[in-house]
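# Summary of structural features
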Amino acid sequence: MGYALLAGLGFAETKVETNIEGGNAEIVSVDDSTITFRPQLRDTKGWWFYWRFDVFGAQGKTIALQCADRNCFDAEGIAVSFDAGKTWKYTGRKGVDFKKGRLSLSIPEGAERVGLSFAIPYTSEHLDALLKKYSDRPEFKVRPLAKTKKGRQNIYITLEPVGRDATRKIAFTARHHACEMTANYVIDGIVSRYFSDTPQGKWARENLAVFIVPFVDYDGVLDGDQGKNRKPHDHNRDYVEALHPSVRAIKQMLPEWGGDKLRYALDIHCPYISKRNPKDINDRLFFTAPQSEKANRNLEKFMASLSNELAKSPDRPQLNPDDIVKYGTMWNKLKEPVNFKFWAERLPSVEFAASLEIPYTNISGKWKATPENAKHIGEKIIDATADFLK
């Protein structure tokens, strides 16, 4: 079952379990009260930082987590669940030595199964809850996307007006890289706002159709893969060769569904591990731009609307409209349309296609990237869409 036993003083019956949905860790050693581990890279080229495992039998004890090679803890420490995954919270920076990649954690009495993760997970259970919540709404449809390489049925969601044709359409994707779980909470917020009683929600249900692929790399999400930099290439470098079934399906279905009404396509990601520096782009909410100047101007207009909407809730995460990685700068230099945004940008009616990057655990050093804050960003995306498309 993937157990590792913690031997040593007071630790004889404590177990580490990696064989869980989203599980990922190579347990290097268990010594006294310390679990030493490293992220499993599997088919990822180079290093990446995602990990996730459960601990059993450590209730009432203080344990240490030690990253084997380099720090694999994010700005808010780690995500922890003391109730077998029902609820999660961040430990915060207290007790974390980022230079040594070491963290101390006290386990309360009664916590027989403790979930530990790089960031708060979003699993198939969370997606099932979303599907169930809106299953009785006629606007909400769940449709088959493709069978994965491992034979699992992937799905996509459509939100469409009832009794009338949509005048405008938009598309969202998430988990092109399997480990980027915070992105899915943004998706949840998008769906929630669509069905809200706000003026923007009512406008959306009357005018707007939405195409959503929650888990592009469905196998990777369930299996706990990094998903980033897969060999020979990951899902978000597959829009020319289309080796992955979900990508092939998106390339066929989205143009057919969108027709001449698809206005924008947004691919939601999480960036690199935090440097705990608000001046670093990876520690802020930001966009990566499309290639064409026209699409870039439209993205900037949308970002201004989103920034204005977020500013209405100053206690929530904010977007600086200048936080955009322009084409030709930093890593945003691909020439061929191998990623989703460059491929979608070329669809006939699309005004812009881009990537939205939400940090895993902390935004700008001010706001925790909790599910609630990520959902709020998704809600404001719908509000900004109403302003942008009206």
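Bear in mind that the values here come from a model prediction, so they are computed numbers and not experimental data.

Along its length, the chain carries 8 helices and 21 strands. What you see for the chain is a C-alpha radius of gyration of 21 Å, in line with the 21 Å of a compact globule of 390 residues. Here the C-alpha coordinates of the chain stretch approximately 65 × 45 × 45 Å along the principal axes. Out of the 390 residues in the chain, the part that is buried amounts to 62%. Considering only contacts within the chain whose residues lie at least 6 apart along the sequence, 74% involve residues at least 24 apart. Measuring between centres, the 58 positive side-chain charges of the chain sit 2 Å from its 51 negative side-chain charges.

Remark: the empty space left among the atoms is shown by a probe the size of a water molecule rolled over them. Its volume calculated, the largest pocket comes out at about 470 Å³. The wall of the largest pocket is formed by 23 residues, among which H126, Y185, D188, P371 and K375 lie closest to the centre. Elements represented by at least two residues in the lining of the largest pocket include exactly β8 (89-90), α1 (124-133), α2 (182-194) and α8 (371-389). Of the residues contributing to the lining of the largest pocket, the split by class is 9 nonpolar, 6 polar and 8 charged.

Attention now moves to the packing of aromatic side chains. Under the defined criterion, the tally for this structure stands at 34 aromatic pairs. One aromatic cluster in this structure is built from W47, W48, F49, F118, Y272 and Y360. Taking the ring centre of W47 as reference, the NZ or CZ of R70 above it sits at 3.9 Å. Sitting over the ring of W257, K169 keeps its end group 4.7 Å from the ring centre.

Strands belonging to one sheet form pairs held by backbone hydrogen bonds; the direction of such a pair is parallel or antiparallel. The strand order across the open sheet formed by 8 strands is β12-β13-β15-β14-β16-β19-β17-β18, and the pairing between neighbours is mixed. A single partner strand is all that each edge strand has here, and the edge strands are β12 (140-147) and β18 (324-325). Two strands pair when backbone bridges link them, and strand β14 (residues 168-174) and strand β15 (residues 208-213) are joined in this way by 6 bridges, in the parallel orientation. Note that in β15 the partner of A171 across the bridge is F211. Docked against the sheet, α8 engages β14, β15, β16 (262-269) and β19 (352-357), running at close to 155 degrees with respect to β16.

A separate point is unusual backbone geometry. Of the consecutive residues K231 and P232, the connecting peptide bond is found in the cis state with omega at 0 degrees. Positive phi, close to 60 degrees, is recorded for R175, a residue that is not glycine. Owing to a relative accessible area of 4%, R175 belongs among the buried residues under this scheme.

Scoring rules and cut-offs
- Residues numbered from 1 in each chain as written.
- Predicted model: local features only at pLDDT ≥ 70, side-chain atom pairs only at ≥ 80, totals over all residues.
- Heavy atoms only, no water.
- Helix = DSSP H or I, 4+ residues; strand = E, 2+ residues; numbered from the N terminus.
- Rg over C-alpha atoms; globule rule 2.2 N^0.38 Å.
- Buried < 20%, exposed > 50% of the residue type's maximum accessible area, 1.4 Å probe, protein only.
- Contact = heavy atoms within 4.5 Å.
- Lys, Arg positive; Asp, Glu negative; His and termini not counted.
- Charge placed at Lys NZ, Arg CZ, Asp CG, Glu CD.
- 1 Å grid on protein atoms, 1.4 Å probe; cavity = no way out; pocket = protein on both sides within 12 Å on 5 of 7 lines; lining within 4 Å.
- Points joined across faces, edges and corners; volume = space filled by probe spheres on them.
- Nonpolar A, V, L, I, M, F, W, Y, C, P; charged D, E, K, R; others polar.
- Phe/Tyr/Trp six-rings, centres within 6.5 Å; stacked < 30°, edge-to-face > 60°.
- Lys NZ or Arg CZ within 6 Å of the ring centre and 35° of its normal.
- Pairing = 2+ DSSP bridges.
- Axes fitted to C-alpha atoms, helices over the stretch in contact; angles between N-to-C directions.

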